[in-house]
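For reference, the chains in residue letters:
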Amino acid sequence: MNKTITVIRGDGIGPEIVAEALKVLDKIAGKYGHSFTYQEILAGGCAIDAFGKSLPEESLQKCLDCDSVLLGAVGGPKWDGVAKEIRPEAALLGIRSAMGLYANLRPARLFPQLAEASPLKPEIVSKGIDLMMVRELIGGAYFGEHKTAEENGELRAHDDMTYGEHEIRRIAHTAFQTARKRGSRVVSVDKANVLDSSRLWRKVVHQVAEEYPDVACSDMLVDNTAMQLVKNPAQFDVIVTENLFGDILSDEASMVTGSIGMMASASLGEGSRGMYEPIHGSAPDIAGQNLANPIGTILSAAMMLRYSFDMAAEADDIEQAVNAVLDEGYRTGDIFSEGTKKVGCSEMGDLVAAHI
Ligand code: IPM
Ligand code: MG
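So, a few notes on the structure that sits alongside this text. As the structure is a prediction and not an experimental result, all values here were calculated from the model.

This paragraph deals with the sheet that holds strand β1 (residues 2–10). The pairing of strands in a sheet happens through backbone hydrogen bonds and is either parallel or antiparallel. The strand order across the open sheet built from 10 strands is β2-β1-β3-β12-β11-β4-β5-β10-β8-β9, with neighbouring strands paired in mixed fashion. The open sheet terminates on both sides in strands that have one partner only, identified here as β2 (35–41) and β9 (216–221). Sheet twist, expressed as the average angle between the axes of neighbouring strands with direction ignored, equals 25°. Helix α1 (residues 14–32) contacts β1, β2, β3 (68–73) and β12 (274–278) of the sheet and is inclined by roughly 165° relative to β1. Contacting β1, β3, β4 (103–109), β5 (130–136) and β12, helix α4 (residues 88–98) runs over the sheet at an angle of about 150° to β12.

Put into structure tokens, the structure is as follows:
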């Protein structure tokens, strides 16, 4: 199969980790007879430096005109002072929205080899963690009206958190369909004891749940969910929630696995095209030093093969290669512990590629 992949290396460690994912994709292409064409674009801080804006028209067009997007990371303190419309984060939000990527899938899984890296007590971790966060990605407070204006002699800021029924319905379907392929349990997270947007969320999720009698569905308030994620993360299969809650809870879910550098994500819309990125940031403090962990990006590339290109065997191959390398005891600095073998970013990419 021929696929065109728009590649955004981005800022900080972005270029290093993406290079390793492409190494692995090339190996897959050779083994399975596929051809991947990479079209590189600038987005984020590097685009601000080059063009004065984080998402040039031409870059966005190439995201709309490809089979999927692979992104490293964008942003960094260097661009903290720029206007909000051209911030690196605005590029990410602009791409998500223009591509219609309403469903963000963030698997949080404890790799047994890395159990020691989890900050949770062994008796909690030993029950395992394997959950899928399904985060609504182009609605809620992120995309409601934002304004700061003078009111009664002081500044007042507004971020309108708003959801329409269709936005809730489609992400609920994603969650139930995802659950069917896993443990058939959905926990819908909201703040329905306070927020109208959450009360509507709950109502629509319950309507959609009736179409999936084979999937168990329950509600959980977001504050309680934050607590349950550290108390007993093994209870969760699929969590579905709105944009801002999902942003916060997905960092928490990944951290309890102990290895945010390992975590991948997929952002999907109506068609098969998606955007794939590790969930960690651009880590400017370690950029350019061959210290970053490329596995989150490599596993994101595997998700691209699985969800957008229908290449399940190829995706399995990558995931098994990562597992094998961990079994052999190779670790980047972020997941290193006594008795394991420390390697750099590019060596980790070589090792994974060598197992394919
Ligand atoms: C994420 C990030 C982004 C978000 C930022 C960089 C805009 O935190 O992908 O979770 O808040 O969605
Ligand atoms: Mg986030």
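Past the structure itself, the notes keep going.
Glancing now at the nonpolar core. By size, the foremost hydrophobic cluster in this structure holds 66 residues, and its most contacted members are Phe 36, Leu 70, Phe 176 and Leu 305. In terms of residue count, helix α10 (residues 295–307) provides more of this core than any other element does, eight residues in total. Look past the residues within four positions of Phe 36 in its chain and what remains in contact with it is Lys 3, Ile 5, Leu 25, Ile 28, Ala 29, Leu 305, Phe 309 and Met 311.

Right, let's talk about the packing of α10 against helix α11 (residues 312–327) for a bit. To characterise two packed helices, one gives the angle between the axes of the helices and the distance between these axes. For the pair α10 and α11, interaxial distance at closest approach is 7 Å and the crossing angle is 160°. The angle between α10 and α11 falls in the class roughly antiparallel. When you trace α10 past α11, the crossing you get is left-handed. Counting all contacts with α10, which are made through Ile 295, Ile 298, Leu 299, Ala 302, Leu 305 and Arg 306, the residues of α11 involved are Ala 312, Glu 314, Ala 315, Asp 316, Ile 318, Glu 319, Val 322 and Leu 326. Across the contact of α10 with α11, the residue classes break down as 10 nonpolar, no polar and four charged.

The next subject is the site of ligand 1. The environment of ligand 1 is made up of Glu 89, Leu 92, Arg 96, Arg 106, Arg 135, Tyr 142 and Asp 247. Within the contact set of ligand 1, an oxygen atom lies 2.6 Å away from a side-chain nitrogen or oxygen of Tyr 142. Asp 247 is positioned such that a nitrogen or oxygen atom in its side chain is 2.9 Å from an oxygen atom of ligand 1. Across the complex, the protein chains shield 76% of the 320 Å² of accessible surface that ligand 1 would expose by itself. At three residues, α4 tops the list of elements feeding residues into the shell around ligand 1. Split by residue class, the shell around ligand 1 holds two nonpolar, no polar and five charged.

What follows concerns the packing of α1 against α10. Running from amino to carboxyl end, α1 crosses α10 at an angle of 45°, the nearest separation of the two axes being 8 Å. Between α1 and α10, the interaxial angle falls into the category oblique. In this structure, α1 meets α10 at a crossing whose hand is right-handed. Residue-level inspection shows Ile 17, Val 18, Glu 20, Ala 21, Val 24, Leu 25 and Ile 28 of α1 in contact with α10, the latter providing Thr 297, Ile 298, Ala 301 and Leu 305. By residue class, the composition of the contact of α1 with α10 is nine nonpolar, one polar and one charged.

Moving on: the environment of Lys 181. Relative to the helices and strands, Lys 181 is located in the loop between α6 (165–180) and β8 (185–190). Lys 181 sits 66 residues away from Ala 115 along the chain, and the two C-alpha atoms are 25 Å apart.

In the sheet, strand β6 (residues 146–151) pairs with strand β7 (residues 154–159) via six bridges, with the strands oriented antiparallel. Among the inter-strand pairings, His 146 is bridged to a residue of β7, identified as Asp 159. Count of turn residues in the β6/β7 antiparallel hairpin: two residues, of which Asn 152 carries a positive phi of about 50°.

Turning our eyes to something else, we now look at α1. Taking 1.5 Å of rise per residue, 19 residues should cover 27 Å, and α1 covers 27 Å from first to last C-alpha, within 8% of that figure. By the burial criterion, the buried members of α1 are Gly 14, Glu 16, Ile 17, Val 18, Glu 20, Ala 21, Leu 22, Val 24, Leu 25, Ile 28 and Ala 29. Following α1 by one or two positions, Gly 33 has its phi on the positive side, about 70°.

The next point concerns the pattern of salt bridges. According to the stated counting rule, one finds 21 salt bridges in the structure shown. Between Arg 180 and Asp 214 there is a salt bridge; the shortest N-O distance is 2.7 Å. Here the residue Arg 180 occupies a position in helix α6, and Asp 214 occupies one in the loop between α7 (196–209) and β9, the gap between them amounting to 34 residues. Judged by relative accessible area, which is 41%, Arg 180 ranks as partly exposed. Shared partners join several salt bridges into a network, and the residues in it are Glu 20, Lys 23 and Asp 350.

Despite not being glycine, Asn 152 has its phi angle at roughly 50°, a positive value. Mapped onto the fold, Asn 152 is located in the loop between β6 and β7. Even without being a glycine, Ala 283 presents a positive backbone phi close to 40°. Along the chain, the position of Ala 283 falls in the loop between β12 and α10.

Position of Thr 257 among the secondary structure elements: in the loop between α9 (243–256) and β11 (264–268). Of note is the side chain of Thr 257, whose polar atom sits 2.5 Å from the backbone oxygen of Ser 254. Those residues in contact with Thr 257 that lie beyond four places of it in its chain are Ala 108, Arg 109, Leu 110, Leu 114, Ser 118, Ile 129 and Met 263.

Rules behind the numbers
Each chain has its residues counted from 1, running along the sequence as written. For this description, chains carry letters from A and ligands carry numbers from 1, given in the order in which they are written. Under the rules for a predicted model, residues below a pLDDT of 70 receive no local features and side-chain atom pairs below 80 are neither given nor counted, while totals for whole chains, interfaces and linings still include all residues. To get the side-chain values, all heavy atoms of the structure are used, and hydrogens and water are removed first. Pairing between strands requires that DSSP locate at least two bridges from one strand to the other. Working definition: helices are DSSP H or I runs of at least four residues, strands are E runs of at least two. Numbering for both runs from the N terminus. To get an axis, a line is fitted to the C-alpha atoms, and for a helix only the part in contact is used. The angle between two axes follows their N-to-C directions and goes from 0 to 180 degrees. Here, two residues are considered to be in contact whenever any of their heavy atoms come within 4.5 Å of each other. We call a set of buried Ala, Val, Leu, Ile, Met, Phe, Trp, Tyr and Cys residues a nonpolar core when their side-chain atoms join them within 4.5 Å. Relative accessibility thresholds used throughout: buried, under 20% of the residue-type maximum; exposed, over 50%; partly exposed, between the two (1.4 Å probe, protein chains only). For classification purposes, angles smaller than 35 degrees are called roughly parallel, those larger than 145 roughly antiparallel, those between 65 and 115 roughly perpendicular, and all remaining angles oblique. A clockwise turn of the near helix away from the far one marks a right-handed crossing, whereas an anticlockwise turn of less than a right angle marks a left-handed crossing. Only Asp, Glu, Lys and Arg are considered charged in this grouping, and only Ala, Val, Leu, Ile, Met, Phe, Trp, Tyr, Cys and Pro are considered nonpolar; every other residue, Gly among them, is considered polar. Throughout, near means a residue has at least one heavy atom within 4 Å of the molecule or strand. Definition of a polar contact: a pair of N or O atoms within 3.5 Å, with one able to donate and the other able to accept a hydrogen when the atoms are protein atoms, and with sequence-neighbouring residues admitted only if both atoms are side-chain atoms. For the accessible areas, the method is Shrake-Rupley and the probe is 1.4 Å, while residue cover comes only from the protein chains on display. Here the expected length of a helix is defined as 1.5 Å per residue gap, with one fewer gap than residues. Basic side-chain nitrogens of Lys or Arg form a salt bridge, by our definition, when they fall within 4 Å of a carboxyl oxygen of Asp or Glu.

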